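# Results of the structural survey
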Amino acid sequence: MAASAAGSPGTVAAMSDRCDSCGDDGPDLATVQRIYVVFDEQHQPADHRLADEFETWCAVCRVTYPHQEVSGED
Ligand SMILES: [Zn+2]
């Protein structure tokens, strides 16, 4: 019974095992795009834009900061 050597070091998935925001290594990490809020001259939130890169966030950061979750499909 031959075992194939799958998953050699350095070829793991792109998703990190720590939160990119706070550094926590919680069990409930998800890939998100941060949402940046744009303020006008009166310092009121006028618009928002999506970050152009993906981050890995823990559950606490996903509750605390505006973001959009990224689905698992590539
Ligand atoms: Zn976090």
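The structure this text deals with has already been given above.
These lines cover the structure that appears in this document, whether it is placed above or below. Everything numeric here is computed off the predicted structure, so don't read it as measured data. (Residues numbered from 1 in each chain as written. Predicted model: local features only at pLDDT ≥ 70, side-chain atom pairs only at ≥ 80, totals over all residues.)

### Remarks on the overall build of the protein
- Per the secondary structure count, the protein includes 1 helix and 4 strands.
- Scanning the protein from its N terminus toward the C terminus, one meets helices and strands in the order β-β-β-α-β.
- Out of the 74 residues belonging to the protein, those deemed buried represent 9%.
- Pairs at least 24 apart in sequence give 59% of the contacts found in the protein among residues at least 6 apart. (Helix = DSSP H or I, 4+ residues; strand = E, 2+ residues; numbered from the N terminus. Buried ≥ 20, exposed ≤ 12 C-beta atoms within 10 Å, placed from the backbone. Contact = placed C-beta atoms within 7 Å.)

### Considerations on the nonpolar core
- Counting residues in hydrophobic clusters, the biggest one holds 6 residues: Cys-19, Leu-29, Val-32, Trp-57, Cys-58 and Cys-61.
- Setting aside residues up to four positions removed in sequence, Cys-61 forms contacts with Cys-19, Ser-21 and Cys-22. (Core = buried A, V, L, I, M, F, W, Y, C linked by C-beta atoms within 7 Å.)

### Overview of the environment of Pro-27
- Tracing the sequence through the fold places Pro-27 in the segment before β1 (30–39).
- Residue class for Pro-27 comes out exposed when judged on the 7 C-beta atoms lying within 10 Å of it.
- Along the primary structure Pro-27 and Cys-58 are separated by 31 residues, whereas in three dimensions their C-alpha atoms are 7.8 Å apart.

### Re the pairing of β1
- Sheet analysis places β1 next to strand β3 (residues 55–57), joined by 3 bridges and oriented antiparallel. Within β3, the position partnered with Ala-30 by the bridge is Trp-57.
- Where β1 and strand β2 (residues 45–50) come together, 5 bridges link them in antiparallel fashion. Along β2, the bridge assignment pairs Tyr-36 with Arg-49. (Pairing = 2+ DSSP bridges.)

Interpretation in functional terms is not warranted from these geometric data alone.
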